[in-house]
Amino acid sequence: MSAYAEVIGDPIVQSKSPVIHGFWLEQLSIPARYDAVRVSEGDVASYFADRRADPDWRGCNVTMPLKRAVMSELDELDPKARAIGAVNTIFRSPDGALTGTNTDGDGFCEPLGPILEQSHLFRMARVLGTGGAARAIVWALARRGFTIVLAGRDLAKARSLLTELAPEGEHHAIELQHFAEPTDFAFDDRQGCCDLVVNASALGMRGQAPLRFDWSHAPPGSIAYDIVTDPVRTAFLRSASAQGFATVDGLSMLIGQAALAFEKFFGSPPPRENDASLRKLLTG
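Thresholds applied
- Residues numbered from 1 in each chain as written.
- Predicted model: local features only at pLDDT ≥ 70, side-chain atom pairs only at ≥ 80, totals over all residues.
- Heavy atoms only, no water.
- Helix = DSSP H or I, 4+ residues; strand = E, 2+ residues; numbered from the N terminus.
- Buried < 20%, exposed > 50% of the residue type's maximum accessible area, 1.4 Å probe, protein only.
- Contact = heavy atoms within 4.5 Å.
- Pairing = 2+ DSSP bridges.
- Axes fitted to C-alpha atoms, helices over the stretch in contact; angles between N-to-C directions.
- Arc of directions from axis to C-beta.
- Polar contact = N/O pair within 3.5 Å; in protein donor to acceptor, adjacent residues only side chain to side chain.
- Phe/Tyr/Trp six-rings, centres within 6.5 Å; stacked < 30°, edge-to-face > 60°.
- Core = buried A, V, L, I, M, F, W, Y, C linked by side-chain atoms within 4.5 Å.
- Right-handed = clockwise from strand over helix to strand, strands pointing away.

S.K.: Could you clarify how one ought to interpret the overall build of the protein chain in this entry?
M.R.: Along the backbone of the protein chain there are ten helices and twelve strands. Principal-axis analysis of the C-alpha atoms gives the protein chain an extent of 60 × 40 × 40 Å. Burial analysis of the protein chain (284 residues in total) assigns 51% to the buried set. Sequence-distant contacts, at least 24 apart, represent 67% of the contacts inside the protein chain between residues at least 6 apart.

S.K.: What exactly am I supposed to notice about the sheet that holds strand β7 (residues 122-128) here?
M.R.: Sheet strands pair via backbone hydrogen bonds, and the direction of the pair is either parallel or antiparallel. Within the open sheet, the six strands sit side by side as β9-β8-β7-β10-β11-β12. Their pairing is parallel. The open sheet is flanked by β9 (172-175) and β12 (246-248), the only strands paired with a single partner. Averaged over all pairs of adjacent strands, the angle between their axes in this sheet comes to 20°, without regard to strand direction. Bridge count between β7 and strand β8 (residues 147-152): five bridges; the pairing is parallel. Directly across from Ala125, in β8, lies its bridge partner Ile148. The strands that helix α6 (residues 132-143) touches are β7, β8 and β10 (193-199); relative to β8, the one it contacts most, it runs at about 165°.

S.K.: How should I be thinking about the environment of Asn61 in this particular structure?
M.R.: Following the sequence through the fold, Asn61 ends up in strand β3 (residues 57-62). Take Asn61: its relative accessible area is 4%, and that puts it in the buried class. Sequence spacing of Asn61 and Ala258 is 197 residues, and the spatial spacing of their C-alpha atoms is 8.4 Å. Setting aside anything within four residues of it in sequence, one finds Asn61 in contact with Glu6, Val7, Ile8, His21, Tyr34, Asn88, Thr89, Gln257, Ala261 and Phe265.

S.K.: Is there a simple way to think about helix α7 (residues 155-165) in this case?
M.R.: Since one α-helical turn is 3.6 residues long, residues separated by three or four positions face the same way. Those residues of α7 lying buried are Leu155, Ala158, Leu161, Leu162 and Leu165. Each buried residue of α7 lies within a common arc of 125° when the element is viewed along its axis, so the set occupies one face. Every exposed residue of α7 that faces more than 90 degrees away from the buried side is listed here: Ala156 and Thr163. Of the residues flanking the start of α7, the one acting as N-cap is Asp154, its side-chain oxygen 3.1 Å from the backbone nitrogen of Ala156.

S.K.: What is the right way to look at the packing of aromatic side chains in this model?
M.R.: Working definition: an aromatic ring pair is given by the centre-to-centre distance plus the angle between the planes. Within this structure, the stated rule accounts for 14 aromatic pairs. Taken together, a centroid distance of 6.3 Å and an interplanar angle of 80° make the contact between Tyr47 and Trp57 edge-to-face. In this pair, Tyr47 is assigned in helix α2 (residues 44-52) and Trp57 in strand β3, connecting sequence segments ten residues apart. Considered together, Tyr47 and Trp57 belong to a single accessibility category, that of buried residues. Note on Phe213 and Phe236: the rings are 6.1 Å apart at their centroids and 75° apart in plane angle, and the pair reads as edge-to-face. Taken together, the residues Phe213 in the loop between β10 and β11 (223-226) and Phe236 in helix α8 (residues 235-242) connect sequence positions 23 residues apart. Judged on exposure class, the residue Phe213 and its partner Phe236 are both buried.

S.K.: What am I meant to see in the nonpolar core here?
M.R.: For soluble globular proteins, the rule of thumb is that nonpolar side chains tend to be buried together. Within the largest apolar cluster, 32 residues are counted, with the highest numbers of intra-cluster contacts made by Phe108, Val127, Leu141 and Ile148. Elements with a contribution of two residues or more to this core: α4 (104-109), β7, α6, β8, α7, β10 and β11. Top contributing element to this core by residue count: α6, with eight residues. Setting aside chain neighbours within four positions, we find Ile148 in contact with Ala125, Val127, Val138, Leu141, Ala142, Leu162, His171 and His172. Residues Ala3, Leu25, Tyr34 and Leu282 belong to the second largest nonpolar core, which totals 23 residues.

S.K.: Help me understand unusual backbone geometry, please; the structure alone is not making it clear to me.
M.R.: Glycine aside, residues mostly have negative phi, and peptide bonds are mostly found in the trans state. With an omega of 10°, the peptide bond running from Asp10 to Pro11 counts as cis. With respect to the secondary-structure elements, Pro11 resides in the loop between β1 (3-9) and α1 (17-28). Residue Met64 is joined to Pro65 through a cis peptide bond whose omega torsion reads 0°. Turning to its location among the elements, Pro65 is positioned in the loop between β3 and β4 (76-77). Although it is not a glycine, Ser29 sits at a positive phi angle of roughly 55°. In this fold, Ser29 is placed in the loop between α1 and β2 (32-38).

S.K.: Honestly, the pairing of β2 in this entry has me stumped. Any pointers?
M.R.: Two faces make up the sheet, and in a regular strand the side chains alternate between them. In this sheet, β2 lies alongside β1 in parallel orientation, the contact comprising seven bridges. What sits directly across from Ala3, in β2, is Ala32. Crossover connection from β1 via α1 to parallel β2: handedness right-handed.

Right under this line is the structure:
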């Protein structure tokens, strides 16, 4: 076994990516491995210098806080990464160049596929957070016809992100605390509409501050989607279920984006028919 890929970030011990890729490698009997490596922002340049010299290295996934820091070390950015302004997957091209892409947006949308294939009179997403993952999510949803309400602790940053990633359409930036308090807003008849409420931040993650969101801000029939994976069943999702909303957990996005990266690293699509077994492994 010599070929390998890995995930880099700081911290990295919490990453579930080695379990996901390791599961698929075993299922397909591919003689390769997938590791987790702690890389700080100050070590990015030396990390890539080392990996460029290693012919067995196939690439890496990138997590917090490196999704923008790695961009200056790459030879190429594909159109998706360039548009989003963040990289979560780096692979070695046939000519040896290091190419950055972003699979977060498509991975996020994958579990919503059957819903997004339908026609809607109106689509709106309330997206909470303005970090690297939020950038990909805003970009992906705007391209799929959603009006975005982007909530952040830094209102200027939220406005800037919308201007950069979704310049067309009547999107709105708002302070995150707005959603923490109840509202008496009377939503109209939502038949024919698609509404999402997305936690695209680290709030609610184990060891982080809780996410305060009052469900009076969600129209009837909304779907609650939390990208946090530790815990998988977050307080945000539990409260959404208690209010009768459908939910999507962070493993859906994590597995979806990993599948796109796996094929770039190892040349084969992963065996997605085994997702139920993979989920059990991740939550066991």
